[in-house]
Amino acid sequence: MPASVLKSTVDIKSAAAQKNHRRIVDLLTQLKNEEEIICAGGGPKAVDAQHKKGRLTGRERVKKLVDPGSQFFELGIYAAYEMYEEWGGAPGAGVITGLVRVCGRTVMLIVNDATVKAGAFFPMTAKKVIRAQNIAIENRIPTIYLVDSAGIFLPLQEDVFPDTDDFGRVFRNNAVMSAMGIPQIAAIMGMCVAGGAYLPVMCDHILMTDGSGLFLAGPALVQAAIGQKTSAEELGGAKIHSQISGTVDFREPDDESCIARIRSLVDKMGAPNTAPFSHTKSCDPLYPGEEIYSIFTADPGKQYDMRDIIARIVDASEFDEYRAESGETVLCGYARIGGWAVGIVANQKKHVQAFARGSDQKRMEFGGVIYTESAEKAARFILDCNQNRIPLIFLHDVNGFMVGKDAEWSGIIRAGAKMVNAVANSVVPKISVICGGSFGAGHYAMCGKAYDPRFMFAWPTARYAVMSGDAAAATLAEIKLKQLEREGKKVDEKQKKEVYESIRSRYEHQTDPRYAAARLWVDAIIDPAQTRDALIWALQAAALNPEIREFKTGVLQT
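Residues numbered from 1 in each chain as written. Predicted model: local features only at pLDDT ≥ 70, side-chain atom pairs only at ≥ 80, totals over all residues. Heavy atoms only, no water.

## A short note on the packing of aromatic side chains
One pair of aromatic rings is described through two measures. These are the centre distance and the angle between the planes. All chains considered together, the criterion is met by 17 aromatic pairs. The interplanar angle of 80 degrees and the centroid separation of 5.4 Å between the aromatic rings of W87 and F153 together place this pair among those described as edge-to-face. Of this pair, W87 sits in the loop between strand 1 (73-75) and strand 2 (95-102) while F153 is found in the loop between strand 4 (143-149) and helix 5 (167-179), placing the two residues 66 residues apart along the sequence. Here R519 stacks its cationic end above the ring of Y515, 3.6 Å away from the centre of that ring. (Phe/Tyr/Trp six-rings, centres within 6.5 Å; stacked < 30°, edge-to-face > 60°. Helix = DSSP H or I, 4+ residues; strand = E, 2+ residues; numbered from the N terminus. Lys NZ or Arg CZ within 6 Å of the ring centre and 35° of its normal.)

As structure tokens, this is what we get:
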């Protein structure tokens, strides 16, 4: 084998591997069951009501729009998960978003689900639409909106209407995207009222089906405001906007013909500019992706070799490892995924023997911890990838930076700042995958959400917080117990344990990837075996943006 081919010798039939496999399969089964419930939207009655109006549901529209045999790479399916329960919940935040192929083109879909509160906008609905638009803006992805919405969910209007990441930002993004030359097609396939009426009218093409409505104020509000009585059709039906107001470009009799028209329009779009990134013919890894189930362990006391994971993601399992013998708790190297050249920065979960800095004494370095040497190596590697226009992939399983006297004397803060600076100012596409833990400043250095990854994915095994559950629970429980003692309350061992378990349970719930996905901190929870597919979708989308600005880091603490 060439030197760059990763040789994986892990025993996937061992008892430990089988235990790992069962745990991930159990988690995936749970997620699949939950996703089926989310995809059901408002339930059978709401679906029937939609059909009685002669309309398809949002998900039915998606199936008819995408190219036959192609997949829908859904983003944000867990948005609003376990939120708004006092209002009956909002599965998927009442909107469907994701990447699809239409007439061979990669496009972003933003589709109202009218089975969920008539497609009304909850706070997370607006944020989910804005996140999809931001992905489209960053990657120059043509965007299709299938509109079927009653507008703002009025009981929560104060959290939907006013801020920079609320409802109005959607229309601002429409205008910005149009100015940037990002194609936008909007189809009104139901109600489109109040401020929401601006969304389709600010797009490049506007379609409308018969029986739909487009107006700033519905009949009831018009009567209340100015005393005028009118029907919805006469006020703002498809015929009115096609023949009289001239607002609609294409009037279609039903959903099927509207979708056919959209496909025809997409088919005639010009080709995007050539991507500046290296791309060759794709080649499958040497090892099945499903073996990741057996290799990976989320047990903080167990080790695994991240190279075994990489070998099941990259083309031909080839990985040109950068400075392989230095800073070994962070792996850096060049590879291809789906034919796209990438630079990979990954936390190594194996403990390694290393020489202490400036000494001939060996020390143990713990897997998942970023040391001074590994931070400096990663920073330099990220600079090189920017210099050579190579997109970056970050694979997270990080506890944080090393602490203690030796670490401080070695300049860990300076090295960490250098890595964070390089990540923050990186101009090539960045894509992050949280495999296991992603804690504290380690999360930031590995291109966390605040550092503008084009896409942020998580495995079901991910844990996402300022520190691990056990450490946080111990700290918070100690604070709580001292507070009780100051109040003169005596706490026995049983009560201490109850306090600890209560805090730990709450904290563990908040570190669950579904909690993060509900708030759009991650774009999708993905099957580990499909990590390669997710990254290929993301890289293909990123390649639609041919522009790379000048790379500058400012002052580096050298």
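## Re empty space enclosed by the protein
Under the counting rule described, the total for this entry stands at four cavities of 30 Å³ or more. Approximately 140 Å³ is the volume attributed to the largest cavity. As for the largest cavity, its lining consists of 16 residues, of which N112, F121, V147, S149 and L199 are closest to the centre. Contributing elements (two or more residues each) for the lining of the largest cavity: strand 3 (105-112), strand 4, helix 5 and strand 5 (184-193). The residue makeup of the lining of the largest cavity, split by class, is 12 nonpolar, four polar and no charged. (1 Å grid on protein atoms, 1.4 Å probe; cavity = no way out; pocket = protein on both sides within 12 Å on 5 of 7 lines; lining within 4 Å. Points joined across faces, edges and corners; volume = space filled by probe spheres on them. Nonpolar A, V, L, I, M, F, W, Y, C, P; charged D, E, K, R; others polar.)

## What about the packing of helix 13 (residues 372-387) against helix 15 (residues 412-425)?
The relative placement of two packed helices comes down to the angle between their axes together with the axis-to-axis distance. Their axes nearest at 8 Å, the elements helix 13 and helix 15 cross at an angle of 25 degrees. By the angle between their axes, helix 13 is roughly parallel relative to helix 15. Both helix 13 and helix 15 take part in a crossing whose hand is left-handed. Residue-level contacts link T372, A375, E376, A378, A379, I382 and L383 of helix 13 to I412, A415, G416, K418, M419, A422 and V423 of helix 15. (Axes fitted to C-alpha atoms, helices over the stretch in contact; angles between N-to-C directions. Parallel < 35°, antiparallel > 145°, perpendicular 65-115°, else oblique. Left-handed = near helix turned anticlockwise from the far one by under 90°. Contact = heavy atoms within 4.5 Å.)

## Quick look at the packing of helix 3 (residues 58-65) against helix 10 (residues 255-267)
Axis separation between helix 3 and helix 10 bottoms out at 10 Å; the angle between their running directions is 45 degrees. Taken as axis vectors, helix 3 and helix 10 run oblique relative to one another. Where helix 3 crosses over helix 10, the handedness of that crossing is right-handed. Together, R61, K64 and L65 of helix 3 and D255, E256, I259, I262 and R263 of helix 10 make up the contact between the two elements. Of the residues in the contact of helix 3 with helix 10, the class split is three nonpolar, no polar and five charged.

## Some points on the layout of surface pockets
If you add up the space inside the largest pocket, you get close to 1000 Å³. Around the largest pocket sit 32 residues that line it, and E35, C39, F72, E74 and I77 are the ones nearest its centre. At the level of secondary structure, the elements contributing two or more residues to the lining of the largest pocket comprise helix 1 (15-39), helix 3, strand 1, strand 20 (524-525) and helix 20 (531-542). A per-element tally of the lining of the largest pocket places helix 1 first, with six residues. Reported here for the second largest pocket is a volume of approximately 840 Å³. Forming the walls of the second largest pocket are 36 residues, and the residues nearest its centre are T297, A298, D299, P300 and K302. Counting only elements with at least two residues in the lining of the second largest pocket, the list comes to helix 1, helix 11 (292-295), strand 17 (430-439), helix 17 (469-486) and helix 18 (493-511). It is helix 1 that contributes the most residues to the lining of the second largest pocket, six residues altogether. For the lining of the second largest pocket, the class distribution of residues is 10 nonpolar, 12 polar and 14 charged.

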